[in-house]
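An overview of the molecular structure
Each chain, written out:
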Amino acid sequence: MANVLARNPISLNGSWHYIVDVQEEGYYDYRMNPTRSGFFRNAKPRRPEDLIEYDFDKASTMQVPGDWNTQDPRLFFYEGTVWFEREFEWHPDLDRSRTILYFGAVNYDAYVYVNGSLAGHHVGGFTPFNFDVTDLMRDGYNFVVVKVDNKRHAEDVPTQIFDWWNYGGITRDVLLIDVEPVYIENYNLQLVSLEGRRLGFSVKLNSETAGRQVTLSIPELKIKKTVTTDAKGTATIYMKAKPQLWSPETPKLYDVVIEQGNEVIRDEVGFRKIETRGKQLLLNGKPIFLRGVSIHEEKAFGGGRANSTEDAHTLLSWAKELGCNYVRLAHYPHNEYAVREAERMGILVWSEIPVYWTIAWSNPDTYANAERQLTDMIKRDQNRANIIIWSIANETPHSSERDAFLSRLAKHARSLDSTRLISMAMEVTSASNYRNRLQDNMSEYVDVVSFNQYVGWYRDVNDASKMTWEIPYDKPVIISEFGGGAKYGLHGEKNQRWTEEFQENLYRENLAMLDKIEGLAGTSPWILKDFRSPRRVLNGIQDYYNRKGLFSDRGEKKKAFYVLQEWYKGK
Ligand code: GCB
């Protein structure tokens, strides 16, 4: 279900009880069989002699949405199962007979129970999901229990190793939404032709119900159109219109109202066209250079999972100060507030799924999982004008199994959305020491050729001026990552690793090198802010932070910030 915030949800955010369950005592009996008296029952002793060895009422509480790692010091490194419970009063809406329970994201594996019964199971830490819980709800007192497990596995997406913190918990909003049995599940409104200035609108009901009237209004454009759904519960219409186009300079959004039966859904939608011409990237028909930076979904100050407009606004304001018109939201779909705030601020977005490094390419369940995450990312954000690129992977090792997996994903993305560009962060293959050639079978499946390179960090910085780059594809090129680490406040010579001067020099050398790459259409250096990673263990320097930020984890600017800012002024 898309655009949930526009559906008068009842928020279940707030204080939830939690129980840390290292051995999944609340799920399996002592023979490892799922138990019927698990913690999801939220049981209470009825007689004095009853034995119940847990009690949510006496358990500690934490804030939802939120990660457990930064809310309880005992859980900082914890990867495993935690049970969450919350009670609430609820009364049926007599006009709307179905109730949907929605989660913005739970990392990673979630079993959801309502009043002791299973409502559903979901896998994947960064995409929304919802269950129809009508038959499980009661008038008055209700409770929800969620078993959350963030243990890593080789066949998961992401896989067992990744360079960011595995924040566990119910990390995005929990909402209850009352709907009628037939409701609008999703819709798609966009500019389909720049020249003819035509808009396309399509709508999809939750069921295959024909004959439903859906009205689209865009008052500022004097548009009011009614369509009738077909046997699939869908309808499409095209219309002429001359909207002011959305762009980073003028991020114009139009108020939109969509009505069906008693439903009224409001949204803000922008209209723009993104396409490529040879090695050029065109926004609204004009060449654009993407002045970007990569961002992890971590709070600006002190870390922890970010999940609010305010969190996003702070990070995006830093990107704007840097001179950015674009961000790479790495390495998984970020929360909807962040995407919408970027749209309001005029910031273009690359959005990605966590197909990262060594995925289990031959495992059909892994593929199905990746495809589901891709679908859910696209479905959630298909009306956001600022998203121009869907990225299907990052730094994946070449093999025929990987090619089969990724080409299938790319085709799937294109079948869902033909109006945006598809890319993935590739790796450079080098022909000789200073001669770099990008050769990747996936290049034929993407619209934009992107790659990460770490000259100056994982390779000698003195190489930068000698490097030549061959990118034998007639497509725009994005350097999706480059960078190096520095500890804020540590100073020294430019050849001294971890100093701000080292990072500053690395940026100078890299930017001069980038200027010589033919067809360069943009870049998103790694990364806006120092972020937590369990792989970064150097005491006194890293302390479990990847230090490649242009800002420290406390929001202090490092010297390299100014180098990039200056370069962006000329772009
Ligand atoms: C990469 C990865 C990114 C890492 C970065 C690094 O290539 O895509 O996730 O954090 O390098 O710092 O090494």
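The following paragraphs examine the structure supplied in this document.

Thresholds, definitions, all that
Residues numbered from 1 in each chain as written. Predicted model: local features only at pLDDT ≥ 70, side-chain atom pairs only at ≥ 80, totals over all residues. Heavy atoms only, no water. Helix = DSSP H or I, 4+ residues; strand = E, 2+ residues; numbered from the N terminus. Rg over C-alpha atoms; globule rule 2.2 N^0.38 Å. Buried < 20%, exposed > 50% of the residue type's maximum accessible area, 1.4 Å probe, protein only. Areas by Shrake-Rupley, 256 points an atom, 1.4 Å probe, with all protein chains shown as cover. Lys, Arg positive; Asp, Glu negative; His and termini not counted. Charge placed at Lys NZ, Arg CZ, Asp CG, Glu CD. Core = buried A, V, L, I, M, F, W, Y, C linked by side-chain atoms within 4.5 Å. Contact = heavy atoms within 4.5 Å. Pairing = 2+ DSSP bridges. Right-handed = clockwise from strand over helix to strand, strands pointing away. Axes fitted to C-alpha atoms, helices over the stretch in contact; angles between N-to-C directions. Parallel < 35°, antiparallel > 145°, perpendicular 65-115°, else oblique. Nonpolar A, V, L, I, M, F, W, Y, C, P; charged D, E, K, R; others polar. Phe/Tyr/Trp six-rings, centres within 6.5 Å; stacked < 30°, edge-to-face > 60°. Lys NZ or Arg CZ within 6 Å of the ring centre and 35° of its normal.

All right, on to the overall build of the chain then. When helices and strands are tallied, the chain shows six helices and 35 strands. A compact globule built from 571 residues should have a C-alpha radius of gyration of about 25 Å, and the chain, at 25 Å, falls within 12% of that. If one aligns the C-alpha atoms of the chain with their principal axes, the spans along those axes are about 80 × 60 × 45 Å. A burial count over the chain gives 61% of its 571 residues as buried. Accessible area of the chain: about 22,900 Å², with a carbon and sulfur share of 47%. For the chain, the distance from the average position of its 72 positive side-chain charges to the average position of its 78 negative side-chain charges is 5 Å.

For soluble globular proteins, the rule of thumb is that nonpolar side chains tend to be buried together. With 87 residues, the main nonpolar core has Val355, Leu406 and Leu409 as its most contacted residues. Ignoring sequence-local partners within four residues, the contact set of Val355 consists of Val157, Trp361, Ala370, Ile392, Ala393, Asn394, Thr396, Phe405, Leu406 and Leu409.

To continue, consider helix α2 (residues 336–345). Of all 10 residues in α2, eight are buried, a share of seventy percent or more. Taken together, the buried positions of α2 are occupied by Glu336, Ala338, Val339, Arg340, Glu341, Ala342, Glu343 and Met345. Downstream of α2 by one or two residues, Gly346 has phi in the positive range, about 75°.

In this section: the pairing of strand β24 (residues 326–329). Of the two faces of β24, the one holding Tyr326 and Arg328 and the one holding Val327 and Leu329 are both buried throughout. Inspection of the sheet shows strand β23 (residues 290–295) paired to β24 by four bridges, in the parallel sense. Considered in β24, the bridge of Ser294 is made with Arg328. This β-α-β element, β23 to helix α1 (residues 309–322) to β24, shows right-handed connectivity. Bridge count for β24 against strand β25 (residues 348–352) is four bridges, and the pairing is parallel. Residue Leu329 lies in a different strand from β25, and its bridge partner there is Ser351.

The next point concerns the packing of α1 against helix α6 (residues 559–569). Running from amino to carboxyl end, α1 crosses α6 at an angle of 60°, the nearest separation of the two axes being 8 Å. With respect to each other, α1 and α6 are oriented oblique. Residues Trp318, Glu321 and Leu322 of α1 form the contact with α6, whose participating residues are Phe561, Leu564, Gln565 and Tyr568. Residue composition of the contact of α1 with α6, grouped by class: five nonpolar, one polar and one charged.

Aromatic rings in a pair are described by how distant their centres are and how their planes are angled relative to each other. Evaluation of the coordinates by the stated rule reveals 39 aromatic pairs. Centroid distance Phe103 to Phe129: 5.1 Å. Interplanar angle 10°. Geometry classified as stacked. Of this pair, Phe103 sits in strand β5 (residues 98–103) while Phe129 sits in strand β9 (residues 129–132), and the two are 26 residues apart along the sequence. As far as the burial class goes, Phe103 and Phe129 line up, both buried. These aromatic residues form a ring-pair network of at least three members: Phe39, Phe40, Tyr54, Phe56, Trp83 and Tyr113. Seen from the ring of Tyr254, Lys252 lies directly overhead, with NZ or CZ sitting 4.6 Å from the centre. In this structure, Arg497 packs its charged tip against the face of Trp457, placed 4.5 Å from the ring centre.

Strands sit in the order β13-β14-β17 across an open sheet of three strands; the sheet is antiparallel. Two strands in the sheet have a free side with no partner beyond their single neighbour: β13 (184–193) and β17 (234–240). Across this sheet, the average inter-strand angle for adjacent strands is 15°, counted without regard to direction. In this structure, strand β14 (residues 198–205) lies alongside β17, joined through seven bridges in antiparallel fashion. Across the sheet, residue Gly200 finds its bridge partner in β17, namely Tyr238.

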